[in-house]
Amino acid sequence: MSRTATKDNYTYLSQGPGLQLIKAGSIKLKEVNAILGIPEVRSQIIDVPITQAEGAATLGLYAMQKAEKGFDFHYDYLELKTVVSGQFILSDDQGTDRMVAEAGDVVIINAGTTVTFHPECDGVATYVAHRLPEPIFA
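This section reports on the structure supplied with the text. All values reported here derive from a predicted model rather than from experimental measurement.

### Details of the pairing of strand E5 (residues 79-92)
Alright, step 1. Relative to strand E7 (residues 106-109), E5 runs antiparallel, the two being bridged by four bridges. Opposite lysine 81, over in E7, you have valine 107 as the bridge partner.
Alright, step 2. Direction of pairing for E5 relative to strand E9 (residues 122-129): antiparallel, over a ladder of eight bridges. Residue pairing for E9: glycine 86 is matched across the bridge by glycine 123.
Alright, step 3. Examined bridge by bridge, E5 and strand E6 (residues 99-102) share four bridges and lie antiparallel to one another. Looking at E6, one finds that phenylalanine 88 is bridged to alanine 101.
Alright, step 4. What sits between the antiparallel neighbours E5 and E6 is a turn of six residues, in which glycine 95 has the positive phi angle 105°.
Alright, step 5. Across three bridges, the pairing between E5 and strand E8 (residues 113-117) is antiparallel. Note on E8: the bridge partner recorded for leucine 90 is phenylalanine 117.

Next up, the structure:
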C-alpha cells in the first residue's frame, strides 16, 4: 500500500481569509482496524489536509479504546499530538519506554520514529502533522 500523497488529490480545510468552524461530527471517523487489517485494535481517525501552501500540514483527530492488541506505526514526518481526554500509552524504537500521555499533554513524534500504541490506550487526541494526509487514512 502506497503512502505517497500529491497536492492535487484533496479538498483543503483552509478556504481563504476569515474564520471557519468545523463542527464536531461533520467529518466521519474511519476505523483504523479495518485500514491496518488488525481486527483486535479499537481505534478511529480523521486525517484531513489544512492547506495547499508550501510546507503541507494535516489536521487530525485520533481516538483509541482499550483492546486486545496494540499496534506499531512508522512516522516519516513530524507530528504534534495533543491529548484531549483519557490517556495514550506509547513507546518507540528509539528507546523510549512506556510513556503515559494524559489530557493536556503534547507528544512530539519526530520523523523516522516507529511508535507503539499499547492496547491499554483509552483516549482522544488531536494532531497536526507536517505532511499531506496519509493516503491509507484519506
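There's more to say after this.
### Looking at the pattern of salt bridges
Where charged atoms of side chains with opposite charge meet at close range, the side chains can pair.
Alright, step 1. A full pass over the atoms with the stated rule returns four salt bridges.
Alright, step 2. Taking the shortest distance from any N to any O, the salt bridge between glutamate 79 and lysine 81 comes out at 2.8 Å. Here glutamate 79 matches lysine 81 in class, with each residue buried.
Alright, step 3. The salt bridge involving glutamate 120 is made with arginine 98; its shortest N-O contact spans 2.3 Å.

### What about a nonpolar patch on the surface?
Alright, step 1. Together, Leu78, Leu80, Val106 and Ile108 give the surface a local cluster of nonpolar side chains, amounting to about 340 Å² of exposed area.
Alright, step 2. Examined against the element boundaries, isoleucine 108 turns out to sit in strand E7.

Rules of the game
Residues numbered from 1 in each chain as written. Predicted model: local features only at pLDDT ≥ 70, side-chain atom pairs only at ≥ 80, totals over all residues. Heavy atoms only, no water. Pairing = 2+ DSSP bridges. Helix = DSSP H or I, 4+ residues; strand = E, 2+ residues; numbered from the N terminus. Salt bridge = Lys/Arg side-chain N within 4 Å of Asp/Glu carboxyl O. Buried < 20%, exposed > 50% of the residue type's maximum accessible area, 1.4 Å probe, protein only. Patch = residues over 30% accessible without salt bridge, like charges linked within 9 Å, V, L, I, M, F, W, Y side chains within 5 Å. Areas by Shrake-Rupley, 256 points an atom, 1.4 Å probe, with all protein chains shown as cover.

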